[in-house]
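# Working through the structure, step by step
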Amino acid sequence: MALLQIAEPGQSEAPHQHKLAVGIDLGTTNSLVASVKSGEAVTLPDISGKHLLPSVVRYLPCGNIQIGEEARGFASEDPFNTIVSVKRLMGRGEEDVKSLGDEAPYHFESSDSGMPFIKTAGGNKSPVEVSAEILKNLTYRAEDSLGGELVGAVITVPAYFDDAQRQATKDAAKLADLKVLRLLNEPTAAAVAYGLDQGKEGVIAVYDLGGGTFDISILRLNKGVFEVLSTGGDSALGGDDLDMALAQWFAEQIDKSEINSSESRYLLEKARFVKEQLSDREHACVVLEMDSGCHEFDITREQFDELVSPLIKKTIRAGKRALKDAAVEAEDVLEVVMVGGSTRVPLVRQQVQEFFGREPHIDIDPDKVVAVGAAIQADVLAGNKPDSDMLLLDVIPLSLGLETMGGLAEKIIHRNTSIPVARAQEFTTYQDGQTAMAIHVVQGERELVQDCRSLARFVLRGIPPMAAGAAKIRVTFQVDADGLLGVAAKELTSGVESSIQVKPSYGLEDAEIAEMLKASYMNASEDKTARALREQQVEAERLILSLQDALAADGDLLLSEEEKQQLSAEIDVLIELSKGSDTLAIEKGVTVLAKASDEFAARRMDNSIQKALQGHSVDELGDAG
Amino acid sequence: MDISKNYFEFIGLPVSYHLDRSELSDRSRELQKTLHPDRYAHLSDHEQRVAVQYMAYLNEAVATLKSPLLRAQYLLQLQDIDTTSESSTAIDPMFLMQQMELRERLEEIPSASDPFDELEELNGEVVAVLEKLRASFVQSYESGDLSSATSDVRKMQFLEKLLLEIERLEDKLED
């Protein structure tokens, strides 16, 4: 395919240069990073050989930060400075955060953007910053392990994540100085890990029982598109609850009605040990050393199953609901994929198999399967597999719209619309002489604005005064391939243009991100200007390489000799500029060259459309009537 | 960027109401493979932006051509006839009477003894009227009688709306 040849920059100099790209599973309890190494997607361990990074960040008064295992040890001792499960806070407003209650026991402080900051000994931290720490840690790990700089990452998000939550995840990556190749739905990633995108078209169920959350997603694979039909689950049910059930049973058996927190932790630890033992054995022995003496237990799998069975039944009920929402029957499901460490529990597998009437996929480690799928896509997106046909098309999970008179939500882009998509709708003024219009962007399926999620508000000013209904305001919604929304508004009649791009409420302003980036450079004692310079050089390099490649491939065909020379000259200018150390000049040079190559890019795109349609003769393009 | 081609030309199909759906999906899939921004994920932001615009145009084209109503509206739009905004054109009173009757029946369904049966019957009738209108549209459009074609499209809009309301009522009754 024509375009794939251009999609291999620097080919002449380094024909088989493998680009380093990773897949990141940014989980509620644990996070992982994976990459394709010698053709196989594998998760990358840290120095001590551990693959799972607990998603825990602890802020110390001295300004130091602990991440992962080290931080998790302090979760109960230093709860307000040790942030666990930050994923639950991403893209959420103050009200949402309050409603989480015990799940987010932190001290919050409001900010201008409506995003709550967590008060810690190390200062006020936004959930985005906390997530960025986890991403940075994984990036360092990957760069160490792969031996070079990453070109980018595919980061997974739950299928039900709305625009604000996706934007927050992308902001975290920006803060961690990591280029996002794509945000990918977690269940889709799991299906990709099993190669189901290459398989038969049909309905796929992804059952994801993690440490603290349960998600069930019903997907349909149709002509290469993974469509999320429905999602369900329980954000407060996971493997930890199985441990809890067993720990409580222990406490009853040894007749301990009151247990202190350290005893409770001890019992939970032992319970987890027994649970893991019972995954591949029929019974497990455990000795509990308590103040009251030693207690020995021999627990059979049957006993354990009886204890956790009510919890697992709950997940099956959620599965039933998800199927009903998707309007499919259990027997319509072609494939079942298991995700999350807790799906190792034999009773879970058995119940899931019974419910769907088919054997679930369990061959890939359920803790790693999402990261593995993300790595496979990252490898393709980085351009390492120019011949790959893989293309994951996506739809928006929830409708996007505007508030109109009377608090009604007017949908502009309906759910399940293929993305990327751009759609415009015209609105008008309500009063004579009205010069401004408040625009409120919402997401959701309900009719009333109050029942939808508020994404952004902005005001379009500078409308020339005229009679009510005379002004024509075109509001354009554009959703990119990651499902992220940009909204622009423009007044048409007068020719006066006012337009604005918005970011979701509860998101960080660009200025805030810049400020945090600045702060993080200082913390990392890295030279800020050197970093900024390097960034611009990388962007310049990317543009130069892709243009040189495009010129080599299509220059003769699509440009006149004069145009070709002019473009080459412009490229040389940027090459010279990027050798220097003037960051601003390089930035400007990139903009100039990008603009200069606009026409060429459009011609190449048109040309590839022609090629894609080749074999269909032009005669077919008849006129009507 | 210059996307000057109409949706039919862009996808490589003849400008016509008759449309082979499998051909539409085959060709759009070929184009997706070429145009999707993921193909440019490792290239410069600039190229990705261009790809997003083309891909958005393709998605819009597919969504428009897939739906019989949107396709008919688009065919008229290509002839500079706008059927999507409010119009003062009079609609045949007989048709309006029929609409009112159908709507009255819809309103009475929740109190019927077997609402689902009634709903299905009504749905069937509406679809039949719609099919007739579509056939009439094709005839008018192909013979160049654009004013009849326009009036057919306006009537189709009424019926499509009614179908949506039937669907909504069904959801409500199920809950």
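Just so it is clear, the structure is predicted and the values come from calculations on it, not from any experiment. (Residues numbered from 1 in each chain as written. Chains lettered and ligands numbered in written order. Predicted model: local features only at pLDDT ≥ 70, side-chain atom pairs only at ≥ 80, totals over all residues. Heavy atoms only, no water.)

### A short note on the overall build of chain B
In terms of helices and strands, chain B carries 7 helices and 0 strands. When the helices and strands of chain B are placed in sequence order, the string is α-α-α-α-α-α-α. Relative to the globule expectation of 16 Å for 175 residues, the C-alpha radius of gyration of chain B, 20 Å, shows a markedly less compact shape. C-alpha extents for chain B along the principal axes are approximately 60 × 45 × 30 Å. For chain B, with 175 residues in total, the buried portion stands at 46%. Looking at chain B alone, contacts between residues at least 24 apart form 68% of all its contacts between residues at least 6 apart. Roughly 9,000 Å² of accessible area belongs to chain B as shown, and the carbon and sulfur atoms make up 49% of that amount. Of the charged side chains in chain B, 18 are positive and 35 negative, and the gap between their average positions amounts to 6 Å. (Helix = DSSP H or I, 4+ residues; strand = E, 2+ residues; numbered from the N terminus. Rg over C-alpha atoms; globule rule 2.2 N^0.38 Å. Buried < 20%, exposed > 50% of the residue type's maximum accessible area, 1.4 Å probe, protein only. Contact = heavy atoms within 4.5 Å. Areas by Shrake-Rupley, 256 points an atom, 1.4 Å probe, with all protein chains shown as cover. Lys, Arg positive; Asp, Glu negative; His and termini not counted. Charge placed at Lys NZ, Arg CZ, Asp CG, Glu CD.)

### Some words on helix 15 (residues 583-596) of chain A
Residues and elements named next belong to chain A. End to end, helix 15 covers 20 Å across 14 residues, agreeing with the expected 20 Å (1.5 Å per residue, within 8%). When we look at burial in helix 15, the residues that qualify are I586, G589, V590, L593 and A594. Looking down the long axis of helix 15, one finds its buried residues gathered within 130° of arc, a one-sided arrangement. Exposed residues pointing more than 90 degrees away from the buried face of helix 15 are listed as L584, K588, T591 and K595. (Expected span 1.5 Å × (residues − 1). Arc of directions from axis to C-beta.)

### As for the confidence of the model for chain A
Residue and element names in this part refer to chain A. Residues at a pLDDT of 70 or more form 89% of chain A, whose mean pLDDT is 84. Within chain A, helix 1 (residues 2-6) has the poorest average pLDDT of any element, 32, and strand 1 (residues 21-26) the best, 97. Scored below 50 in pLDDT, residues 617-625 makes 12 contacts in the model with residues more than four places away or belonging to other chains. (pLDDT = per-residue confidence, 0-100.)

### Quick notes on the packing of helix 4 (residues 68-77) of chain B against helix 6 (residues 115-142) of chain B
Residue and element names in this part refer to chain B. Where helix 4 meets helix 6, the closest approach of the two axes is 12 Å, and the angle between their N-to-C directions is 20°. As summarised for this structure, helix 4 and helix 6 are arranged roughly parallel, according to the angle between their axes. Here helix 4 and helix 6 pass one another in a crossing that is left-handed. Listed contacts from helix 6 to P68, A72, L75 and L76 of helix 4 are R134, F137 and Y141. Each residue belonging to the contact of helix 4 with helix 6 can be placed in one class, and the counts come to 6 nonpolar, no polar and 1 charged. (Axes fitted to C-alpha atoms, helices over the stretch in contact; angles between N-to-C directions. Parallel < 35°, antiparallel > 145°, perpendicular 65-115°, else oblique. Left-handed = near helix turned anticlockwise from the far one by under 90°. Nonpolar A, V, L, I, M, F, W, Y, C, P; charged D, E, K, R; others polar.)

### Section: a positive patch on the surface
Positive charge collects at one region of the surface, where A:K313, A:R317, A:K320 and A:R321 lie side by side. Assignment of secondary structure puts A:K320 in helix 9 (residues 301-326). (Patch = residues over 30% accessible without salt bridge, like charges linked within 9 Å, V, L, I, M, F, W, Y side chains within 5 Å. Salt bridge = Lys/Arg side-chain N within 4 Å of Asp/Glu carboxyl O.)

### Describing the pattern of salt bridges
Residue and element names in this part refer to chain A. In the structure shown here, the tally under the stated rule is 34 salt bridges over all chains. The partner of E133 in a salt bridge is K136, with the nearest N and O atoms 3.7 Å apart. Of this pair, E133 and K136 both sit in helix 4 (residues 127-146), 3 residues apart, which is roughly one turn of that helix. Here E133 falls in the buried class, since its relative accessible area comes to 15%.

### A short note on the sheet that holds strand 13 (residues 202-209) of chain A
All names here are of chain A. An order of 15-14-13-18 is seen for the 4 strands of this open sheet, with the pairing classed as mixed. Edge positions in the open sheet fall to strand 15 (225-234) and strand 18 (333-339), since each of these has one partner strand only. Shown here is a sheet whose adjacent strand axes are inclined to one another by a mean of 20°, direction ignored. The sheet contact formed by strand 14 (residues 214-222) and strand 15 spans 9 bridges and is antiparallel. Paired with S217 across the two strands is T231, which belongs to strand 15. (Pairing = 2+ DSSP bridges.)

### So, a negative patch on the surface
Residue and element names in this part refer to chain B. Residues D114, D117, E118, E120, E121, E167, E170 and D171 make up a contiguous surface patch of negative charge. In terms of residues, the negative patch owes the most to one element, helix 6, which gives 4 residues. By the secondary structure assignment, E121 is in helix 6.

### Concerning the side chain of A:H440
Residues and elements named next belong to chain A. Among the secondary structure elements, H440 is positioned in strand 24 (residues 437-443). For H440, a relative accessible area of 6% corresponds to the buried category. Side-chain polar atoms of H440 contact the side chain of E403, separated by 2.7 Å. Side-chain polar atoms of H440 contact the side chain of S454, separated by 2.9 Å. Once residues within four sequence positions are removed from consideration, H440 is found in contact with G401, L402, E403, V449, S454, A456 and R457. (Polar contact = N/O pair within 3.5 Å; in protein donor to acceptor, adjacent residues only side chain to side chain.)

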